[in-house]
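Descriptive structure summary
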Amino acid sequence: MLYEVDFLPVGEGEKSGDSICLRYSSDGGESWVVGLIDGGTQATGEKACEHIRGVYNTGIIDFIVCTHPDQDHASGLSVVLENMTVNKILMHCPWDYVDHFYDSVSDGRVTKESLIQRLKDGHAYAYKIYELAKEKDIHIHHAFSDEGEHNIPSLHIVGPSGRFYLDQVVNFRSINEITEDADTSTGMLKGLMESAKKAVNWISESWDNEKLVDPVDDATSSENNSSVVLFFDFNGKKHLFTADAGVPALEEAANRIEELGFPLQEFSFIQTPHHGSKRNIGPTILNRLVGHPLPKGTATTFSTIISASKDGEPKHPNKRVSNAFARRGAKVIATQGSTIRHYSNGSPDRGWSKADPLPFYTEVEDD
Ligand SMILES: [Zn+2]
């Protein structure tokens, strides 16, 4: 099976985002399934259109995925919908699900209608995608692991389940009326992050002395934990796309993969979640997903790509995180301003130079 996965560069400074074009073929390149996972910002949306037209040579996209409603993932997708032919959209539409959680969030003062409006206003980028889909008569598949058939070859949605999603949505900022920057949990936290960026203290880390620790359960936002997690089985080459999922969401995805009858720890590729943030991954979930640390000098067994902005360090990516992947057998590559391609043997040669993996860092950020 042929496949190509292209992580486009998104964002500047501390603002990272996702936009991943992919295509795969089971007939030697005669016909391709073309997909787009998130659209980054508006500018990235334009780049994604150019990439699919110029490199994949088509104006038709079989499916697009809006993993979660944050701006750094959702806003570019409306550009794509306006400029390309899209056959199917995988996303969540919380304004359609209010009947399922109204009772658990209402204290009686908020009507159902105003809650629906709050969700539409609070997730304006996702709602725009929804409106464009209705206008263009594009089918929306509600992207839950237990939702039923989406008819996209090789793809399994492994998270969230409908139940897990509902547990997240009731904590969305749009419902709780905390208006904060999309990718950071609270204002105070953001302040701490910024001061951390100004004065990073470095500590030493070695291959055998891991400094990454398991994050607490609510270390990342509920919006991030609501991310659609996608598992592709390209004829035995297993790929996992994690968006901004945190540990609870990744645990749930791991359970689902096992339920589907696939073993863990045999991925060819896994996306490092949430732009390499240490708030989304820890040793325990990594040991489960990809395996325990390997002896130093062991050859790499899989690849990971981190969608991180050009100047996003130390938050995106965090060196403890990239080291933790490397320690477990990953070749680690970060976008950081470049398009990064991951592909099967036999994929068309584009004459691009090979991307350099990140080194194993002996100095990592102190907390
Ligand atoms: Zn993000």
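In this report, the structure presented in the accompanying data block is examined. (Residues numbered from 1 in each chain as written. Predicted model: local features only at pLDDT ≥ 70, side-chain atom pairs only at ≥ 80, totals over all residues. Heavy atoms only, no water.)

1. Quick notes on the coordination of the zinc ion
By definition of the ideal shapes, a tetrahedral metal site with four donors has angles of 109.5 degrees and an octahedral site with six donors has angles of 90 or 180 degrees. We count it as follows: Because no water is among the atoms considered, metal sites can look incomplete, with donors defined as N, O and S atoms within 2.8 Å of the metal, or 3.2 Å for Na, K and Ca. Only two sets of limits are used to name each site, 85 to 135 degrees for every angle of a tetrahedral four-donor site, and over 155 degrees for opposite donors with all other angles from 65 to 115 for a square planar four-donor or octahedral six-donor site, with any other site named irregular. Per the convention used, a helix needs a DSSP run of H or I reaching at least four residues, while a strand needs a run of E reaching at least two, with both numbered from the N terminus.
Distances from the zinc ion to its protein donors, Asp72 (OD), His73 (NE2), Asp244 (OD) and His275 (NE2), fall at 2.1 to 2.2 Å. Seen from the zinc ion, its four donor atoms lie at angles of 85 to 149 degrees, and the figure they make is irregular. Each donor residue of the zinc ion belongs to the same chain, and together they define the spacing D-H-x170-D-x30-H. With Asp244 in the loop between β12 (237-241) and α10 (247-259) and His275 in the loop between β13 (267-270) and α11 (283-289), this residue pair connects regions lying 31 residues apart in the sequence.

2. Let's talk about the packing of aromatic side chains
So the rule is basically this: What counts as a ring pair is set by centres within 6.5 Å for rings of Phe, Tyr and Trp (its six-membered ring), and what kind of pair is set by the plane angle: stacked under 30 degrees, edge-to-face over 60, tilted for all other angles. The cut-offs for exposure are 20% and 50% of the maximum accessible area for each residue type, with area from a 1.4 Å probe on protein chains only; residues under the lower value are buried, those over the upper are exposed, and the others partly exposed. Geometrically, a charge over a ring is one whose NZ (Lys) or CZ (Arg) sits within 6 Å of the ring centre while staying within 35 degrees of the ring normal.
Per the counting criterion, the structure on display carries 19 aromatic pairs. With a centroid separation of 5.2 Å and an interplanar angle of 75 degrees, the aromatic rings of Trp95 and Tyr130 are classed as edge-to-face. Of this pair, Trp95 sits in the loop between β7 (88-91) and α3 (98-105) while Tyr130 is found in helix α5 (residues 124-136), placing the two residues 35 residues apart along the sequence. Classification of Trp95 as buried rests on a relative accessible area of 3%. The exposure class assigned to Tyr130 is buried, which follows from its relative accessible area of 11%. On the basis of an interplanar angle of 45 degrees and a centroid distance of 5.0 Å, the ring pair of Trp207 and Phe360 is categorised as tilted. With a gap of 153 residues between them, Trp207 in the loop between β10 (202-204) and α9 (222-225) and Phe360 in the loop between β16 (340-343) and β17 (363-365) connect regions that are remote in the sequence. By relative accessible area, Trp207 is classed as buried at 12%. Relative accessible area serves as the criterion here: at 23%, Phe360 is assigned to the partly exposed category. Here the aromatic cluster, defined as three or more aromatic residues joined through ring pairs, consists of Tyr3, Phe7, Tyr24, Phe63, Phe232, Phe234, Phe241 and Phe269. Directly above the aromatic system of Trp32 lies the positively charged group of Arg23, at a separation of 3.8 Å from the ring centroid.

3. Overview of the side chain of Arg328
What counts here: In the analysis that follows, any N or O atom pair within 3.5 Å is treated as a polar contact, provided that within protein one partner can donate a hydrogen and the other can accept it, and provided that, for residues neighboring in sequence, both atoms belong to side chains. We call two residues in contact whenever any of their non-hydrogen atoms come within 4.5 Å of each other.
Structurally, Arg328 can be placed in the loop between α12 (319-327) and β15 (330-334). A relative accessible area of 2% places Arg328 in the buried class. Within the structure, Arg328 has its side chain in polar contact with the side chain of Glu210 (distance 2.9 Å). In this structure the side chain of Arg328 is engaged in a polar contact, spanning 2.9 Å, whose partner is the side chain of Asn287. Apart from the residues lying within four places of it in its own chain, the contact partners of Arg328 are Glu210, Pro283, Leu286, Asn287, Val290, Gly291, His292, Pro293, Leu294, Thr301 and Phe302.

Take it as geometry only, folks, not as evidence of what the structure does.
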